[in-house]
Amino acid sequence: MATVFYAVAAAATLYGGREAAKATAKQAAFEKQRARQEYLQHKQEGIAVLDEMLQNASTLNAHAGAGGIDAGTGSIDRIANFNLAKGVTDLITGREAGELAVLGGEMKAGQLMAQAEATKVNAFAQAMGYVAGGIESGMKTGTPTP
């Protein structure tokens, strides 16, 4: 009878380990998806920066034109270049933040997948311990083992 309990414990351990590993793998997939969404958010912010740069440039050009000033020279040109430099800096920062988010998500997903694999191996080892215990118990009691 003890052998049966050991067999059931081994099967339950294997099943539990597999299910825990599946849950961890799903969490890894979620982390990848979250990182991609964060990347897209940073990309969208970069596009918003470009839109704002274009609006600023057209506003400057319109004011310069209305005042009879050449938009390509003098203080208007300096302001436009300053806005452009600031916008490009913001755009690059946003892109890099998005790329870092993806890399971080990939790293976390890799760690979770390694954890899932370790969970499966641990469950298998525990199950084999139960099997060995059942065999030993059967040998001590003289009960035939399957």
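The paragraphs below set out a description of the structure included in this document. (Residues numbered from 1 in each chain as written. Predicted model: local features only at pLDDT ≥ 70, side-chain atom pairs only at ≥ 80, totals over all residues. Heavy atoms only, no water.)

**With respect to the overall build of the chain**
(1) Moving on: Counting its secondary structure elements, the chain contains two helices and zero strands.
(2) Moving on: What you see for the chain is a C-alpha radius of gyration of 32 Å, clearly larger than the 15 Å of a compact globule of 146 residues, by over 25%.
(3) Moving on: Seen through its C-alpha atoms, the chain measures out along the principal axes to roughly 105 × 15 × 10 Å.
(4) Moving on: Of the contacts formed within the chain by residues at least 6 apart in sequence, a portion of 84% connects residues at least 24 apart.
(5) Moving on: Surface exposure of the chain reaches about 10,000 Å², of which carbon and sulfur atoms provide 62%.
(6) Moving on: Seen as two clouds, the 13 positive and the 14 negative side-chain charges of the chain have centres 12 Å apart. (Helix = DSSP H or I, 4+ residues; strand = E, 2+ residues; numbered from the N terminus. Rg over C-alpha atoms; globule rule 2.2 N^0.38 Å. Contact = heavy atoms within 4.5 Å. Areas by Shrake-Rupley, 256 points an atom, 1.4 Å probe, with all protein chains shown as cover. Lys, Arg positive; Asp, Glu negative; His and termini not counted. Charge placed at Lys NZ, Arg CZ, Asp CG, Glu CD.)

**Comments concerning the environment of A23**
(1) Moving on: Its location among the elements puts A23 in helix 1 (residues 2-66).
(2) Moving on: The sequence separation of A23 and A48 amounts to 25 residues, and the corresponding C-alpha distance is 37 Å.

**Some points on the pattern of salt bridges**
(1) Moving on: According to the stated counting rule, one finds six salt bridges in the structure shown.
(2) Moving on: For K22, the salt bridge goes to E19, with nearest N and O atoms at 3.4 Å. Remark: E19 and K22 occur in helix 1; sequence separation between them is three residues, near one turn of the helix.
(3) Moving on: In this structure, a network of salt bridges that share partners links the residues E31, R34 and E38. (Salt bridge = Lys/Arg side-chain N within 4 Å of Asp/Glu carboxyl O.)

**Considerations on the environment of Q44**
(1) Moving on: When you line up the elements, Q44 lands in helix 1.
(2) Moving on: Judged by relative accessible area, which is 58%, Q44 ranks as exposed. (Buried < 20%, exposed > 50% of the residue type's maximum accessible area, 1.4 Å probe, protein only.)

**As for the environment of T141**
(1) Moving on: For T141, the location among the structural elements is in helix 2 (residues 74-141).
(2) Moving on: Given a relative accessible area of 57%, T141 falls into the exposed group.
(3) Moving on: Sequence-wise, T141 and A80 are 61 residues apart; in three dimensions their C-alpha atoms are separated by 91 Å.

**Observations regarding the side chain of T13**
(1) Moving on: Topologically, T13 is positioned in helix 1.
(2) Moving on: Residue contacts for T13: discarding those within four places in its chain leaves A123, Q126, A127 and Y130.

**Side note on the packing of helix 1 against helix 2**
(1) Moving on: Here helix 1 crosses helix 2 at 180°, and the two axes come no closer than 8 Å. In terms of orientation, helix 1 lies roughly antiparallel with respect to helix 2.
(2) Moving on: By residue class, the composition of the contact of helix 1 with helix 2 is 34 nonpolar, 20 polar and nine charged. (Axes fitted to C-alpha atoms, helices over the stretch in contact; angles between N-to-C directions. Parallel < 35°, antiparallel > 145°, perpendicular 65-115°, else oblique. Nonpolar A, V, L, I, M, F, W, Y, C, P; charged D, E, K, R; others polar.)

**Quick look at the side chain of E31**
(1) Moving on: Its place among the elements puts E31 in helix 1.
(2) Moving on: Judged by relative accessible area, E31 falls into the buried class, the value being 7%.
(3) Moving on: Ignoring anything within four residues of it in the chain, the contact list for E31 reads G105, K108 and L112.

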